[in-house]
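Fold and contact review
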Amino acid sequence: MALLIEQSLNGIQLGFMLFLLAAGLTLIFGIMGVINLAQGSLFMVGAYAAAVVATQTGSYVLAAIAGLAAAAIIGMAMEYLVIRRLYARDHLDQVLATFGLILFFNQMTVILFGRQPLFVRIPPLLDGSVHIVAGVYYPLYRLVIIGVGLLTALGLYILISRTRIGMLIRAGATNREMVRALGVDIRLLYTIVFGLGAMLAGLAGIMTGPISAVQVGMGEQVLILTFVVIVIGGVGSIRGAFVGALIVGIVDTLLRAFLPTLLRHMMASGSEADALAGGISAMGVYLLMAIVLLVRPKGLLPANG
Amino acid sequence: MAETAPNPTQRSKPKNVRSRLLLAQLLVILVVLPYLANLIGQPALTSLATRIIILAIAAASLNLIMGYAGLASFGHAAWYGIGAYVVGILYRHSVSGDPLFGLPLGADQLLITLPAAIIVAGLFAAVFGALALRTSGVQFIMITLAFAQMIFFFFVALKAYGGDDGLIIRRRNALPFLDTRDGLTFYWICLTVAVVWYAILSRIVGSRFGRVLEGIRQSERRMAAMGVRTYGYKLVACIISGMGAGLAGALMANHMRFVSPDMMHWTQSGEFMFMVILGGSGTLLGPAFGAAGLIGLESLLAAWTENWQVILGPLLVLAILFTRGGLSGLARMIRGGARG
């Protein structure tokens, strides 16, 4: 039981992490119609910037600021130099151009930091465990990730549905020509939205750093999982991204945690059971996606009805 | 995609003559190439050319759905890898003699392994294509990527066949009367297979079926309104396309004598897409030029610096941003024909 609670919380934590990435992708796709594979690179940029500043200065506040700033600045530069020219193109061109960006960012990271992964210690203030319910302890840091994810989700909701810039974002997503005709600097708005999406990815990267290795290619693994989230949740819908992220996070974590023991009970050979369980749990969320597609091809909560 | 598509009636006649001429030139180059390579003391070129020819088969297969039918599949490496694994697994069983699925399967004959790879890849493409085709546009891109990733993880977890480390094929599959272990002979085999495959694709594209695919790319809704059941056409195209990729994978497994999940890594799918786009999507020979261009560029850059991707990445971005239609678009731009 204790293990179940712990693993469920791990799943929720992974879910919030995926949500940050999926929300950024969805925001960018929703308003600009651009599919940005390099979102994973921004995730990596955030993680690396934070890791380097944390080890150099020892200050985690500075590290967080550096991570966010690096992701936002590189994201906006990316928008200004490349993405801006892709708005009118079809999705294939966008995928390929941002694929080229990934090659660049990954290799650049190798040049700057080498192939060895960087390890970041959990901030001392957040190190330790919290007593949740009878006999179950859970790492404080992971709880903080869940909290930050929740706050970000709330903040995004307020930003989009309650503020002036959110109004422009929604208007731009519905009819960009009309917004432009009304005198809004849509280019600036796009750059800001892209920066915001980049910051969300950077935030996810910063928080992932201490619980896993910071290494080249970390962005793409999580990016593909984010695509699964978006397809399950429904393309272009932030609510869908939220629901999809939690489902994917929990299903993925629970499968990895419990499937091996379950299969070992059912099968004679332990090693075969382990291999099978490893395979199924790695494929689990993709199977889930296939099932969702069979039932609801547009995802669980599609953007328009 | 529909807006940039050239009007098919505009490009029929003169283009046809030009492309035949181009085809003849290309074939002559390919026939002379291995001898030339020996002459200038670069026999490794033949191996590189073999690789390009094999990848061109896969790229042409992707072109059928991406270029002609407008279905941007980001998971083509999966079928390619499955074709390769069919060769690897059959070889493994032919050596060990262990039964496969309880049957005494196992083969090291190219005449058996190639069709097997084609069929298995086609079956997988049928299952996953049927699912993926329930979506379109961006979702289709994401879903094909995700499915390919799933298959990738499956083979990583498949410890019985090497898992992460892959399978080594000690001897190339054999063909009667030919020594496939000879690099030059294998080059001829791959070239023949490629020519046959391109000929088949050319027939498919020119057939009524191909016209329907072209129509689907331009406006699926209009095709549906004309009473065409587009789903079936798209699915068949996906299956054919998967079969071609499987064929390429099987040849590549023989060429490298090694199979690993890396062959179906998502970056490989991306490279296939680049080959199609760089060579000019929706043209018969485009993918061949795209494959040659991309692999050639990669080899050149890799010989120059180990961090070649830092240069390749931005080059590819520039190619997408500024040359509509890749190499052919570039040629058009240079000729002053402007506009994509």
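First, a word on scope: everything that follows refers to the structure included in this document. One numbering rule holds for all chains: residues counted from 1, following each sequence as written. Think of it this way: whatever chain is written first is A, whatever ligand is written first is 1, and the rest follow in order. Whole-chain, interface and lining totals are the exception, using all residues; otherwise, since this is a predicted model, local features are given only for residues with pLDDT of at least 70 and side-chain atom pairs are given and counted only at 80 or more. Excluding hydrogens and water, the side-chain values take into account all heavy atoms of the structure.

1. Structural notes on a nonpolar patch on the surface
Residue and element names in this part refer to chain B.
- Taken together, Val 28, Val 31, Val 32, Leu 36, Leu 39, Ile 40 and Leu 45 make up a surface patch of nonpolar side chains, about 650 Å² in accessible area.
- Looking at the nonpolar patch element by element, the count peaks at five residues for helix H1 (residues 13–39).
- Here Ile 40 lies in the loop between H1 and helix H2 (44–68).
- Since its relative accessible area comes to 56%, Ile 40 is described here as exposed. Two joining distances apply to patches: 9 Å for like charges and 5 Å for nonpolar side chains (Val, Leu, Ile, Met, Phe, Trp, Tyr), and every residue must have over 30% relative accessible area and no salt bridge. Calculation of accessible area relied on Shrake-Rupley with a 1.4 Å probe; when residues are assessed, cover is drawn exclusively from the protein chains displayed. What counts as a salt bridge is simple: a side-chain nitrogen of Lys or Arg found within 4 Å of a carboxyl oxygen of Asp or Glu. Note on conventions: DSSP H or I runs of at least 4 residues are helices, E runs of at least 2 residues are strands, and numbering of each starts at the N terminus. Between buried and exposed lies partly exposed: a residue is buried under 20% and exposed over 50% of the maximum accessible area for its type, with that area taken using a 1.4 Å probe on protein chains only.

2. A look at helix H2 (residues 39–57) of chain A
Residue and element names in this part refer to chain A.
- Between its first and last C-alpha, H2 extends 27 Å over 19 residues, near the 27 Å set by a 1.5 Å rise per residue.
- Burial of H2 is extensive: 14 of the 19 residues sit out of reach of the surface.
- Immediately beyond the C-terminal end of H2, within one or two residues, lies Gly 58, with a positive phi of roughly 80°. Here, expected helix span is obtained from the residue count minus one, scaled by 1.5 Å.

3. Quick look at the packing of helix H9 (residues 218–233) of chain A against helix H10 (residues 238–266) of chain A
Residue and element names in this part refer to chain A.
- To get an axis, fit a line to the C-alpha atoms, keeping to the stretch in contact for a helix; angles then go from 0 to 180 degrees between the N-to-C directions. It is at 8 Å that the axes of H9 and H10 come closest, and there the two elements cross at 120°. One finds that H9 runs oblique with respect to H10. Here H9 and H10 pass one another in a crossing that is right-handed. Packed against H9, whose contacting residues are Leu 225, Val 228, Val 229, Ile 232 and Gly 233, the element H10 presents Gly 240, Ala 241, Gly 244, Ala 245 and Val 248 at the interface.
- Of the residues contributing to the contact of H9 with H10, the split by class is seven nonpolar, three polar and no charged. Angle categories: roughly parallel below 35 degrees, roughly antiparallel above 145, roughly perpendicular from 65 to 115, and oblique for all the rest. By convention, the crossing between two helices is left-handed when the near helix turns anticlockwise from the far helix through less than a right angle, and right-handed when the turn is clockwise. Note on contacts: a residue pair qualifies if any of its non-hydrogen atoms lie within 4.5 Å across the two residues. Amino acids are sorted into nonpolar (Ala, Val, Leu, Ile, Met, Phe, Trp, Tyr, Cys and Pro), charged (Asp, Glu, Lys and Arg) and polar (every other residue, Gly among them).

4. Describing the packing of aromatic side chains
- Working definition: rings of Phe, Tyr and Trp (its six-membered ring) pair if their centres are within 6.5 Å, and the pair is stacked with planes under 30 degrees apart, edge-to-face with planes over 60 apart, and tilted otherwise. A full pass over the atoms with the stated rule returns 20 aromatic pairs over all chains.
- Relative to Phe242(A), the ring of Phe19(A) lies with its centre 5.1 Å away and its plane at 85°, an arrangement referred to as edge-to-face. With Phe19(A) in helix H1 (residues 2–32) and Phe242(A) in helix H10, this pair connects stretches of sequence that are 223 residues apart.
- Residue Phe242(A) is classed as partly exposed on the basis of its relative accessible area of 25%.
- Taken together, Phe99(A), Phe74(B), Trp266(B) and Phe274(B) form an aromatic cluster joined through their ring pairs.
- The cationic tip of Arg172(B) hangs over the ring face of Phe186(B); the distance from NZ or CZ to the ring centre is 4.3 Å. We call a charge positioned over a ring when the NZ of a Lys or the CZ of an Arg lies within 6 Å of the ring centre and within 35 degrees of the ring normal.

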